[in-house]
Amino acid sequence: MTLVAYVNGLGLLGPGLANWRDAAAVLSGKADYAPAPTVLPSPMQLPPAERRRTGRVVKLALAVACEATTSADVDPATLASVFTSSGGDGHNCHELCESLARQPREVSPTRFSNSVHNVAAGYWSIATGARGPSNVLCAFDASFGAGLLEAMTQVAVDGESLLLVAYDTEYPEPIHAKRPIPDAFGAALVLTPHRQRASLARIGLELCDGPADVLQDPRLERLRVSIPAARCLPLLRRLALNESGTTVLDYLDGPRLALKIEPCA
Amino acid sequence: MRPSRPPTNPILVRSCTASSCIGLGVTQTLESLLAGRSGLKACEFESVAIDTCVGEVPGVDGVALPGELAKFDCRNNRLAELALRQDGFLEDIERAARRWDPRRIGVFIGTSTSGILQTEIAYRHRDPVTGALPADFEYAGTHNSFSVADYLRHRLRLDGPAMVVSCACASSAKVFASAQRMLEAGLIDAALVGGVDSLCLTTLYGFHSLQLSSGLPCRPFDIARDGISIGEAAAFAWLERPPGNMDSDSILLLGVGESSDAHHMSAPHPEGLGARLAMQAALRAAGLDAGDIDYINLHGTATPSNDRSESQAVTAVFGATTPGSSTKGATGHTLGAAGALEAVVSAIAIRFGVMPGGVNTARVDPTLTAHYLRENRRVPVRRVLSNSFGFGGTNCSLIFGRPG
């Protein structure tokens, strides 16, 4: 069983990677990778009152989602979406746990509203007016694979275009010691069921058993294994190189995702 | 807005089970529904000091996970394990699973807070000097949202696609959509879907901070309703593509509809726009008209705003005659487990011919135009629509029914 989708647009933000164009240059070997702390822009799509309430995870997800839909030249309100993250907003979670460990226990209502795993999907829908289906997933280190599988299944079965957003941010201490994600990384893809003028590549996906591909550059490989959302990098490297080929992406400890990539240009 | 699609293919619900404060398993749940019994009681959970009622499942603390899965030990996974053991469900699905390649069986579970109670407790036991969490605190197996799906796939040795859907209170309705699509795509042959959410401080204090929880057992659609009662539950269903020679008393998932409000993080759209879109999409997917639905299991949280907006949406789609009720007066709002719990209630309604009347509701708010049932109706029920809506403006409607 092969699932097929076309990639129409990409967004990326991570340590030392300011956008997809910069990341593509690094992944294709045209530029050196210089790791640096991820810089998250303020989500200008949101009304000021909502913008003030957003944490790092929302800023990250909205930034890459916006870059992907802009580059695909698509109205984001028309897209279904799949958001996937291994842990949600770690700083918000830490603040809630601290306030629950104190007496008297006083929880901020905004922090509680923002503690839901679908916080970024909710703000994205508010920012863009997208009223279609939106799914929000977690599969720990397999979260990118789960998101891509869900997204491509939805594109294939429902026959509609979709925005996939994968993102992770760090926890502060003391949870950081138990879940040491070093920094924020997000990637977004606009996927469509049929080839369009904006289509960059065709992806075919099958489940397989083989080991996941690794990246040759040790710094990029460190990024791939240290932040779950960055497990997408072997796929994005193929797209950056704009060449046909296959790659195996990390997923669960059993199944992996075998991808066949064919550029459209 | 989007082109209308042909109906989706029905999916067989081969087996299902649910455990909540009104009963462990389907038989006890049915008995409580027939007796009009609520499981909500004044909150005595953990160290919680809030004047509220909760639907606590008895005996969760005493459940032991299999020894080799100790890293998953937390209230949420104990509740999952307790629910698996009811109704012969574990044996049923082990038998069903043997018929398929375990690599082609999916595990899709909804939860909102997973095992975060472990982290809340661990934060009270931080090292006084370094601030570190206790050495035995296990993040991946407990706190992380995926832990319940990961527990179940290890417990049942299922090696196919697996994930948690965490869309607040719509989480475990949406897992049915994911399973249906993967079955339709031919990626899998069967799926364990469900929802597991357990009591924790984050939700009890969080809903209290938003002034969305009631001091009394919650009263959906009542004129004096003043908020939710939080409950906990685990509910599961085993889904497969229907065989050619299906029994006429089979129960099918006929359609799923999903939508987003695009309105507010913690308040529903005032006219129930997203809810209406989800119900209409579910009817389209099932190839049914509004008149084909016999009973609606409402989201019915008992907050003033939810019930008002849901009633408007239901009236817009169904008019004011299709009977509906919320079972949250009995079970409490089980958050990420509500979709799956109420899917099992829908299956019970069909299998045993009962539309459960909503308990705790003394006087239905006359401004709510949807037809709200307060008394049980023992009538044949062929098709049920079940609503689940969540923070972030995420909506999901499921339709279950008999074949044909």
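Summary of the structure given here. (Residues numbered from 1 in each chain as written. Chains lettered and ligands numbered in written order. Predicted model: local features only at pLDDT ≥ 70, side-chain atom pairs only at ≥ 80, totals over all residues.)

## Remarks on the overall build of chain B
Spelled out, the test is: Put simply, DSSP marks the helices as runs of H or I at least four residues long and the strands as runs of E at least two long, and each gets a number from the N terminus on. Atoms counted for the radius of gyration: C-alpha only. Globule rule: 2.2 Å times residue count to the power 0.38. Three exposure classes are used, all based on how many other C-beta atoms lie within 10 Å of a residue's own C-beta (placed from the backbone): buried at 20 or more, exposed at 12 or fewer, and partly exposed between those limits. We call two residues in contact when their backbone-placed C-beta atoms lie within 7 Å.
For chain B, the count of helices and strands is 12 helices and 14 strands. Against the compact-globule benchmark of 22 Å for 404 residues, chain B has a radius of gyration of 20 Å, which places it among compact chains. Counting only C-alpha atoms, chain B reaches 65 × 50 × 40 Å along its principal axes. A total of 404 residues make up chain B; the buried ones form 65% of that total. Taking contacts inside chain B between residues at least 6 apart in sequence as the whole, the part at least 24 apart equals 80%.

## A word on the pairing of strand β4 (residues 162-168) of chain A
Residues and elements named next belong to chain A. Defined as follows: Following DSSP output, two strands are said to pair if at least two bridges run between them.
Among the 7 residues of β4, 7 are classified as buried, and the element is accordingly described as predominantly covered. Where β4 and strand β5 (residues 185-192) come together, 7 bridges link them in antiparallel fashion. Bridge pairing links leucine 162 to leucine 191 in β5.

## A short note on the environment of Cys21(B)
Locating Cys21(B) in the fold gives a position in the loop between β1 (11-20) and β2 (23-24). In this structure, Cys21(B) is in contact with Gly39(B), Leu40(B), Gly55(B), Glu56(B), Val57(B), Gly231(B), Thr331(B) and Gly332(B), ignoring residues within four places of it in sequence.

## Comments concerning the interface of chain B and chain A
Where we set the bar: By the convention adopted, Pro, Cys, Tyr, Trp, Phe, Met, Ile, Leu, Val and Ala count as nonpolar, Lys, Arg, Asp and Glu as charged, and the other residues, Gly among them, as polar.
On the chain A side, the residues contacting the 57 residues of chain B number 55 residues. Elements that contribute at least two residues to the side of chain B that touches chain A include exactly α4 (116-122), α5 (139-143), β6 (162-165), α7 (171-185), α8 (201-209), β10 (252-260) and α9 (273-286) of chain B. Here the side of chain B that touches chain A gets 6 residues from one element, more than from any other, and that element is α7(B). Considering only residue class, the side of chain B that touches chain A consists of 24 nonpolar, 20 polar and 13 charged. Examined bridge by bridge, strand β3 (residues 134-138) of chain A and β6(B) share 2 bridges and lie antiparallel to one another. Paired with Leu137(A) across the bridge in β6(B) is Val165(B).

## Thoughts on α7(B)
Note the following rule: To estimate the expected span of a helix, subtract one from its residue number and multiply by 1.5 Å.
An ideal rise of 1.5 Å per residue puts 21 Å on 15 residues; α7(B) measures up with 21 Å between its terminal C-alpha atoms. One or two steps after α7(B), the chain reaches Gly186(B), where phi turns positive at roughly 80 degrees.

## As for unusual backbone geometry
Backbone geometry follows two general trends: most residues other than glycine have a negative phi, and most peptide bonds adopt the trans configuration. Omega for the bond connecting Gln103(A) with Pro104(A) falls within 30 degrees of zero, at -10 degrees, which places this linkage in the cis form. For Pro104(A), the location among the structural elements is in the loop between α4 (90-101) and α5 (109-113). In the segment running from Glu173(A) into Pro174(A), the intervening peptide bond is cis, with an omega of 10 degrees. Assignment of secondary structure puts Pro174(A) in the loop between β4 and α8 (175-178). In the Ramachandran plot, Glu46(B) falls in the positive-phi region, its phi being about 50 degrees despite a non-glycine side chain. Examined against the element boundaries, Glu46(B) turns out to sit in the loop between β3 (41-42) and β4 (53-55).

## Observations regarding the pairing of strand β7 (residues 245-249) of chain A
All names here are of chain A. In terms of strand pairing, β7 meets strand β8 (residues 256-263) through 5 bridges, oriented antiparallel. The residue bridging leucine 249 from the neighbouring strand is leucine 257, located in β8. Joining the antiparallel neighbours β7 and β8 is a turn of 6 residues.

## A word on the sheet that holds strand β8 (residues 230-231) of chain B
Residue and element names in this part refer to chain B. Here 3 strands make up an open sheet; going across it, the order is β3-β4-β8 and the pairing mixed. Taken across any chain shown, the strands that pair with only one partner, and hence form the sheet edges, are β3 and β8. By the bridge criterion, 2 bridges tie β3 to β4 in an arrangement that is antiparallel. Looking at β4, one finds that lysine 41 is bridged to valine 54.

## Here we look at the nonpolar core
We count it as follows: By convention in this section, buried Ala, Val, Leu, Ile, Met, Phe, Trp, Tyr and Cys residues joined through C-beta atoms within 7 Å make up a nonpolar core.
Core analysis: the biggest nonpolar cluster contains 237 residues, and Ala61(A), Val64(A) and Leu239(B) have the highest contact counts within it. If sequence neighbours within four positions are ignored, Ala61(A) has contacts with Phe83(A), Ala120(A), Trp124(A), Val165(A), Tyr167(A) and Gly186(A).

## Considering the environment of Asp307(B)
All names here are of chain B. Within the element layout of this structure, aspartate 307 appears in helix α10 (residues 304-318). Residue aspartate 307 is classed as buried on the basis of its 27 C-beta neighbours within 10 Å. With 63 residues separating them along the chain, aspartate 307 and alanine 370 place their C-alpha atoms 9.8 Å apart. Among residues more than four places away in sequence, those in contact with aspartate 307 are Pro220, Phe221, Arg225, Gly300, Ala302 and Leu368.

## With respect to helix α1 (residues 25-35) of chain B
All names here are of chain B. Rules: The arc in question is the one spanned by the directions pointing from the helix axis to the C-beta atoms.
Of all the residues in α1, the buried ones are Val26, Thr29, Ser32 and Leu33. Looking down the long axis of α1, one finds its buried residues gathered within 130 degrees of arc, a one-sided arrangement. Of the exposed residues in α1, the ones pointing more than 90 degrees away from its buried face are Thr27, Glu31 and Ala35. Where α1 is buried, its residues meet β1, β2, α11 (328-331) and α12 (338-352). Backbone geometry just downstream of α1 places glycine 36 in the positive-phi region, at approximately 65 degrees.

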